[in-house]
Amino acid sequence: MQYDVIIVGAGPAGLTAGIYVARRKLNPLILSKNLGGQAILATSIENYPGFKNIKGIKLIKRCEKQARKFGVEIIYSEVKKIKEKDGIFLVKANDKEFEGKAVILAFGKIPRSLNVPGEERLTGKGISYCATCDLPLFKNKVIAVVGGGNSALEAALDGSRIAKKVYLVHRREKFRGFEDLVERVKRKENIKFVLNSVVKKFNGDEILKTAVVENTKTGEKKELEIEGVFIEIGYETKTDWIKDFVKLDEYGQIVVNWRCETFYPNSDKIRPGVFAAGDVTSVPFKQITVAVGEGCKAALQASAYLRGNNPHTLIEWGKYSGMLNNLNVK
Ligand code: NAP
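Residues numbered from 1 in each chain as written. Predicted model: local features only at pLDDT ≥ 70, side-chain atom pairs only at ≥ 80, totals over all residues. Heavy atoms only, no water.

Some details on the environment of Leu248
Link 1 in the chain: Here Leu248 lies in the loop between strand S16 (235–236) and strand S17 (261–263).
Link 2 in the chain: Spatially, the C-alpha atoms of Leu248 and Thr281 are 8.5 Å apart, while their sequence positions differ by 33 residues.
Link 3 in the chain: When near neighbours in sequence (up to four residues on either side) are disregarded, Leu248 contacts Thr239, Ile242, Lys243, Gln253, Ile254 and Val255. (Helix = DSSP H or I, 4+ residues; strand = E, 2+ residues; numbered from the N terminus. Contact = heavy atoms within 4.5 Å.)

Written out as structure tokens, the structure reads:
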């Protein structure tokens, strides 16, 4: 079976793209390793319009349900390769190959690791990258959270309600996360700040026992006795597999223009039929709201491409306010 649009990724960008493609009466397939990307891990989202406060998992499940309602097919399978043959895209996911007339790349980012001794060996044995998933395992225990962004601050706050004590290890003095979150963290008595400090090593035979941290200003090292650690230091793109297919920037992100179009590798030539959206792209501000908007744009652009109404070949979009509606796209 041939799909009109194959969307790689089922996070906010991919699911939104699916909804928009389906509503334009085109046939979309979403292929994704998992549901929700990093958004599903957010404990509490307070900046998504229409919701005062919503859990990431709840928001994403709603998006998935909505996509399915409009007829989007979703297959949970990891895409390993994309090739183009005679203007058709062959997308290989695990052992199956799917055909699409256009592709939207929206496969987000993966959690960044510290790359220190003991980390890989003890992952799943006390070391976790998902506080939302694993915090309940550490009731009344001593844990650490590494990082200084919103994810780390949220993990520390949630951890303080479950664990006995939480060390918050951050490499600088100032936090990157929202100020109100920082204030809430500061008010918690069982959160101990370990600032200007980096983790050098994790110790433990079968399970995690300690983390060795070094003060970057004094060089002093100390060993924190912990049973769990949450590494919440952001995300990185995993785009190596696609580097010969589309152009990447110096951070490995897919370069897109403002219409979500991609380019051939090392070139400024637009790659027709291939679009990208969300955190995997060079668009700044990695926010769910931004990903949703970009997913919508990519879907509308892909639809216009498939209908032969590629708007920027007809008209200069910047000067045009009516957008697709006025282009008589059916
Ligand atoms: P982030 O904002 O990129 O912060 C990563 C943190 O980890 C930074 O404090 C950084 O330190 C530190 N870090 C990075 N690499 C490190 C390393 N190798 N060793 C030690 N520390 C390291 O990532 P995030 O907190 O995961 O958030 C990602 C995005 O999601 C952000 O845009 C965030 O606002 C958003 N988010 C929103 C919510 C919400 O709205 N409720 C919740 C979670 C996340 P430096 O500060 O020194 O660079």
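Digging into the confidence of the model for the protein chain
Link 1 in the chain: Of all residues in the protein chain, 93% have pLDDT values of 70 or greater, and the mean over the chain is 92.
Link 2 in the chain: Overall, residues 313–321 carries pLDDT values under 50, and its contacts beyond four positions in sequence, including any with other chains, amount to 14 contacts.
Link 3 in the chain: Counting contacts from residues 326–330, a segment whose pLDDT is below 50, to residues more than four positions away or on other chains yields 13 contacts. (pLDDT = per-residue confidence, 0-100.)

What about the domain arrangement of the protein chain?
Link 1 in the chain: Segmentation of the protein chain into domains returns domain 1 (2–111 + 235–326) and domain 2 (119–231).
Link 2 in the chain: In this complex, domain 1 contributes 7 residues to the contact, which on the side of domain 2 involves 8 residues.
Link 3 in the chain: Roughly 600 Å² is buried in total at the junction of domain 1 and domain 2, and carbon and sulfur atoms are behind 43% of that figure.
Link 4 in the chain: The tally of links between domain 1 and domain 2 comes to 0 salt bridges.
Link 5 in the chain: At the junction of domain 1 with domain 2, the criterion picks out 0 residue pairs in polar contact (both at pLDDT 80 or more).
Link 6 in the chain: When the residues that make up the side of domain 1 that touches domain 2 are grouped by side-chain class, the tally is 3 nonpolar, 3 polar and 1 charged. (Domains from an automatic or database assignment. Buried area = accessible area lost by both parts, 1.4 Å probe. Salt bridge = Lys/Arg side-chain N within 4 Å of Asp/Glu carboxyl O. Polar contact = N/O pair within 3.5 Å; in protein donor to acceptor, adjacent residues only side chain to side chain. Nonpolar A, V, L, I, M, F, W, Y, C, P; charged D, E, K, R; others polar.)

Brief notes about the nonpolar core
Link 1 in the chain: Ranked by size, the top nonpolar core spans 35 residues in total, and within it Val5, Leu15, Ile30, Ile104 and Ile288 carry the most contacts.
Link 2 in the chain: If you list the elements that add at least two residues to this core, you get strand S1 (2–10), helix H1 (12–23), strand S2 (28–35), helix H2 (56–69), strand S6 (96–105) and helix H7 (288–306).
Link 3 in the chain: Discounting residues that sit within four places of it in the chain, Val5 has contacts with Val21, Asn27, Pro28, Leu29, Ala102, Ile104, Ala302 and Leu306.
Link 4 in the chain: Of all hydrophobic cores here, the second largest spans 22 residues; its members include Leu31, Phe89, Phe98 and Ala276. (Core = buried A, V, L, I, M, F, W, Y, C linked by side-chain atoms within 4.5 Å. Buried < 20%, exposed > 50% of the residue type's maximum accessible area, 1.4 Å probe, protein only.)

Let's talk about a positive patch on the surface
Link 1 in the chain: On the surface, Lys33, Lys80, Lys81, Lys83, Lys85, Lys92 and Lys238 cluster together into a positively charged patch.
Link 2 in the chain: With 4 residues, the single largest contributor to the positive patch is strand S4 (residues 79–85). (Patch = residues over 30% accessible without salt bridge, like charges linked within 9 Å, V, L, I, M, F, W, Y side chains within 5 Å. Areas by Shrake-Rupley, 256 points an atom, 1.4 Å probe, with all protein chains shown as cover. Lys, Arg positive; Asp, Glu negative; His and termini not counted. Charge placed at Lys NZ, Arg CZ, Asp CG, Glu CD.)

Details of the site of the ligand
Link 1 in the chain: Taken together, 20 residues form the shell around the ligand, and within it Ser44, Ser151, Glu154, Arg172 and Arg176 come nearest.
Link 2 in the chain: A distance of 3.5 Å is found between an oxygen atom of the ligand and a side-chain nitrogen or oxygen belonging to Asn47.
Link 3 in the chain: Between the ligand and the protein, one listed contact pairs an oxygen atom with a side-chain N or O atom of Gln287 at 3.1 Å.
Link 4 in the chain: For the ligand, whose accessible area on its own is 920 Å², the fraction buried by protein is 80%.
Link 5 in the chain: Looking at the shell around the ligand element by element, the count peaks at 3 residues for helix H5 (residues 150–162).
Link 6 in the chain: Residue classes in the shell around the ligand are distributed as 4 nonpolar, 10 polar and 6 charged.
Link 7 in the chain: Counting the residues that make up the shell around the ligand, at least three belong to each of domain 1 (2–111 + 235–326) and domain 2 (119–231). (Near = heavy atom within 4 Å.)

Overview of the packing of aromatic side chains
Link 1 in the chain: Evaluated as defined, the whole model comprises 6 aromatic pairs.
Link 2 in the chain: For the ring pair Phe175 and Phe193, a centre distance of 5.8 Å and an interplane angle of 65 degrees mean the geometry is edge-to-face. Of this pair, Phe175 sits in the loop between strand S10 (165–169) and helix H6 (179–186) while Phe193 sits in strand S11 (residues 191–194), and the two are 18 residues apart along the sequence.
Link 3 in the chain: For Phe193, a relative accessible area of 30% puts it in the partly exposed group.
Link 4 in the chain: Ring plane angle 65 degrees and centroid distance 5.9 Å describe the contact between Phe275 and Tyr305, whose orientation is recorded as edge-to-face. Pair noted here: Phe275 is in strand S18 (residues 270–276) and Tyr305 is in helix H7, with a separation of 30 residues, a long-range link.
Link 5 in the chain: Its relative accessible area of 2% is what places Phe275 among the buried residues. (Phe/Tyr/Trp six-rings, centres within 6.5 Å; stacked < 30°, edge-to-face > 60°.)

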